[in-house]
Amino acid sequence: MIESSLKDIAAALRDKKVSAVELATESFSRIEAGNARINAFVTVDRDGALAAAKAADERLATGTAGPLTGIPLAHKDVFCTEGVLTTCGSKMLSNFVSPYDAHVVSLLKEAGAVMVGKTNMDEFAMGSSNENSHFGPTRNPWNTDKVPGGSSGGSAAAVAARMVPIATGTDTGGSIRQPASLCGITGIKPTYGRVSRYGMIAYASSLDQGGAFGYSAEDCALLLSAIAGHDPRDSTSLEQGAEDFGRDLAKPLAGLRVGLPKEFFAEGMSDDVRAAVDAAIAEYRKLGATTVEVSLPNARLAIPAYYVIAPAEASSNLSRFDGVRYGHRAADYGDLNDMYCKSRAEGFGSEVKRRILVGTYVLSHGYYDAYYIKAQKLRRLIANDFAAAFQQCDVIAGPVSPTVAFGIGEKSDDPVQMYLSDIYTIAVNLAGLPGLSHPAGFGAGGLPVGLQLIGNYFSEARLLNAAHQYQQHTDWHTRAPAGI
């Protein structure tokens, strides 16, 4: 049953063909069978999930259930969950039990969804491969020698391995879309501010955004509809009410203008990814869409701008982890300063330390104007490029990642090569736009390839409509790894 669409699972629950408790139990069985091999879950909350499932069954019996009531799901371990470990993939928070729920977690509890556990991630969401976790790397279910993408690799792998049908993730520079592509599932990052960041442990506050993973665009629409909306506790939350992001799923694509950025189709994309992307775009044309070439001339500057802005914000956000109030504290230290130094040295991994150092440097006296201010100016130019492109098209299409999933350890010694794996996704975060990845075929080694769709502000429903119509005429999103 876990492998079915959310609509089919909800129908089976309403018709008493399966109970929420049985679904949760099936999810646990799949986690027990596959997690040692894939390492998608950091924490499994069996007692909490079974209690939530029993409550969901009671709602189903009284006819008060919603579309997500009784549906098993996983939360990326960046979302605070009351009474359950929230580690952020770090030794620094390996013993932290949150006293409250993130806004996203609260909304999904109210919707009746059943959280079965928390998923592995790059430490403090810093990474593109899920190799930076204190709990070891998550492995791609399609080939366990390959990465699942990051930083939301645990959530993507859990859905791809059919451990849960849906999961939450966060996207700071591509961390939903890239793992969705590499794991062969659908993932959407909404417009910045659509989903509350309250209770979502911050990496880069002006870039972080919560979003959804599912098998299909239709499933993502249901999950996103449940978690989006205004939250007064988050100062960056947009004053937008609840919205049905699946309202336009059935709308034909005739007349849809798809922009193809010439910069995305230049050198750098592997031949197998190019072939899958070209075939997907051809399918959109068959469905009635027209394509037009657009230009994003400053997209090539997205990575250098991002790796100034994001580390600068991380340097500030992570200063709270000092071993005093919560989190890891060194066992032996001489004085207060020594405790700070040793606690942070022991608690943070190498990639987190690298970004803190870079961020502190670019914010320091004499370098703030030269680096940080200049990067923010580039950010505005990148946003302006998208605004100009959307004068010519309704959505923008292109690759998500330049290659299919790469080998574990393959890029670990070369941070720049690792950063370049986000070359097609980072600009979207800098501009605050919504972006989606859906399965579009397979490349070298039988590994999945995703197509990225980028929309103008608040156009999530249009992106989901385009992806859904594509998925009605293809079956890439129904494919599962062998042995699952």
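Before reading on, note that the structure itself is shown above.
All of the points below concern the structure found in this document. Each chain carries its own residue numbering, running from 1 in the direction its sequence is written. Only residues with pLDDT of 70 or above have their local features reported here, since the model is predicted, and side-chain atom pairs are shown and tallied only from 80 upward, although totals for entire chains, interfaces and linings are computed over all residues. Hydrogen atoms and water are omitted, and side-chain values are computed over all heavy atoms in the structure.

## Let's talk about the nonpolar core
So the rule is basically this: The nonpolar core is taken to be a set of buried Ala, Val, Leu, Ile, Met, Phe, Trp, Tyr and Cys residues, with the residues joined through side-chain atoms within 4.5 Å. A 1.4 Å probe rolled over the protein chains alone gives each residue an accessible area, and that area as a share of the maximum for its type sets the label: buried under 20%, exposed over 50%, partly exposed in between. Per the convention used, a helix needs a DSSP run of H or I reaching at least four residues, while a strand needs a run of E reaching at least two, with both numbered from the N terminus. The contact criterion used throughout is that any non-hydrogen atoms of two residues lie within 4.5 Å.
F41, L68, F124, F386, L430, L453 and L464 are the most contacted members of the largest nonpolar core, which has 146 residues in total. Broken down by element, the residue count for this core peaks at 10 residues, all from helix α9 (residues 302–317). Apart from the residues within four sequence positions on either side, L453 is in contact with Y284, I396, A397, P434, G435, L436, H438, L463, A466 and A467.

## Concerning the packing of α9 against helix α11 (residues 350–362)
Put simply, the rule is: In this analysis an axis means a line fitted to C-alpha atoms, helices contributing only their contacting stretch, and an angle means the value between N-to-C directions, from 0 to 180 degrees. When an angle is under 35 degrees it counts as roughly parallel; over 145 it counts as roughly antiparallel; between 65 and 115 it counts as roughly perpendicular; any other value is oblique.
Interhelical geometry of α9 versus α11 gives an angle of 100° and a closest axis separation of 7 Å. When the interaxial angle is binned, α9 and α11 end up roughly perpendicular. Judged by residue contacts, Y307, V308, P311, A312 and S315 of α9 engage R355, I356, V358, G359, T360 and V362 from α11.

## What to know about the sheet that holds strand β9 (residues 395–399)
The condition is simple: We call two strands paired when DSSP finds no fewer than two bridges between them.
Across the sheet, which stays open at both edges, the 11 strands sit in the order β1-β3-β2-β4-β6-β5-β10-β11-β9-β7-β8 with mixed pairing between neighbours. Looking at the sheet topology across the chains shown, the edges are occupied by β1 (41–44) and β8 (290–294). Each neighbouring strand pair of the sheet contributes to a mean axis angle of 30°, computed without reference to strand direction.

## Notes on the state of the cysteines
Counted only if it meets this: Any cysteine sulfur atom paired with another within 2.5 Å is treated as part of a disulfide.
Following the criterion strictly, the structure yields zero disulfides and no others. You can see C220 has no disulfide; the closest cysteine sulfur is in C183, sitting 13 Å from it. By relative accessible area, which is 0% here, C220 ends up buried.

## Quick word on a nonpolar patch on the surface
To be explicit about the condition: Only residues whose relative accessible area exceeds 30% and that form no salt bridge are eligible for patches; like-charged ones are grouped when within 9 Å, while nonpolar side chains (Val, Leu, Ile, Met, Phe, Trp, Tyr) are grouped when within 5 Å. Surface accessibility follows the Shrake-Rupley procedure with a 1.4 Å probe radius. Residue values consider only the protein chains on display as shielding. One speaks of a salt bridge when a side-chain nitrogen belonging to Lys or Arg is within 4 Å of a carboxyl oxygen belonging to Asp or Glu.
Together, Y361, Y367 and Y371 make up an exposed nonpolar region whose accessible area comes to about 290 Å². Along the polypeptide, Y367 turns up in the loop between α11 and α12 (368–389). On the accessibility criterion, Y367 (33% relative accessible area) is partly exposed.

## Structural notes on the pairing of β9
Within β9, five of the five residues are buried, which leaves the element mostly enclosed by the surrounding structure. As defined by bridge partners, strand β7 (residues 257–261) adjoins β9 across two bridges and the pair is classed as parallel. Counterpart to V258 in the pairing with β9 is V395. Where β9 meets strand β11 (residues 448–455), five bridges bridge the pair, whose relative direction is antiparallel. Considered in β11, the bridge of G398 is made with Q452.

## Digging into unusual backbone geometry
Going from G150 to S151, the amide bond is cis rather than trans, its omega being 5°. Mapping S151 onto the fold places it in the loop between β3 (114–119) and α5 (153–160). The phi dihedral of F124 is positive, around 50°, even though this residue is not glycine. With respect to the element layout, F124 can be found in the loop between β3 and α5. For F124, a relative accessible area of 1% translates into the label buried. With a phi close to 65°, A125 is a non-glycine residue in the positive phi region. Of note, A125 is situated in the loop between β3 and α5. Accessibility expressed as a relative area gives 6% for A125, which makes it buried.

## What about the packing of helix α8 (residues 271–286) against helix α15 (residues 460–472)?
Just so we agree on the cut-off: Residues were grouped as follows: Ala, Val, Leu, Ile, Met, Phe, Trp, Tyr, Cys and Pro as nonpolar; Asp, Glu, Lys and Arg as charged; and all remaining residues, including Gly, as polar.
Where α8 meets α15, the axes come as close as 10 Å, and the angle between the chain directions of the two elements is 95°. Taken together, the axis directions place α8 and α15 in an arrangement best described as roughly perpendicular. Packed against α8, whose contacting residues are A280, E283 and Y284, the element α15 presents A466, A467 and Y470 at the interface. The class makeup of the residues in the contact of α8 with α15 is five nonpolar, no polar and one charged.

## Observations concerning the environment of N429
Mapped onto the elements of the fold, N429 is located in helix α14 (residues 426–431). Of the residues examined, N429 reaches a relative accessible area of 2% and is grouped as buried. Counting along the chain gives 149 residues from N429 to A280, while the straight-line C-alpha distance between them is 24 Å. Apart from residues no more than four positions distant in its own chain, N429 is found in contact with D171, T172, G173, G174, R177, K189, L207 and R379.

## Let's talk about the pattern of salt bridges
Evaluated as defined, the whole model comprises 20 salt bridges. The partner of E351 in a salt bridge is R354, and the shortest N-O contact between them spans 2.2 Å. Here the residue E351 and the residue R354 both occupy positions in helix α11, the gap between them amounting to three residues, near one helical turn. Taking the relative accessible area as the measure of exposure, R354 reaches 31% and is therefore partly exposed. Among the ionic contacts, a cluster of salt bridges with common partners joins R194, E243, R247, D248 and E460.

## Notes on the pairing of strand β5 (residues 186–189)
Along β5, one buried face is formed by T186 and I188 and the opposite face, lined by G187 and K189, is buried too. By the bridge criterion, three bridges tie β5 to strand β6 (residues 210–214) in an arrangement that is antiparallel. Bridging from a neighbouring strand, I188 pairs with A212 of β6. Bridging between β5 and strand β10 (residues 435–442) involves three bridges; their strand directions are antiparallel. Within β10, the position partnered with I188 by the bridge is L436.

## A short note on helix α10 (residues 336–347)
This is how the line gets drawn: Here a helix's expected span is defined as the number of its residues, less one, multiplied by 1.5 Å. Polar contact is the term for a pair of N or O atoms within 3.5 Å; when the atoms are in protein, one must be able to donate a hydrogen and the other to accept it, and sequence-neighboring residues count only if both atoms are side-chain atoms.
Compared with the 16 Å implied by 1.5 Å per residue over 12 residues, the 16 Å span of α10 between its first and last C-alpha is a close match. Between the side-chain oxygen at the start of α10 and the backbone nitrogen of N337 there is a gap of 3.3 Å, and the oxygen is on D335.

## What to know about the side chain of H477
Summarising the element assignment, H477 is placed in the segment after α15. Those residues in contact with H477 that lie beyond four places of it in its chain are R162, Y215, S216, P439 and Q471.

## So, the environment of R59
Residue placement: R59 occurs in helix α3 (residues 46–62). Through-space distance from the C-alpha of R59 to that of G70 is 9.0 Å; in sequence the pair is 11 residues apart. Each residue touching R59, except ones within four places of it in the same chain, is listed here: T64, A65, G66, T69, K109, E110, A111 and G112.

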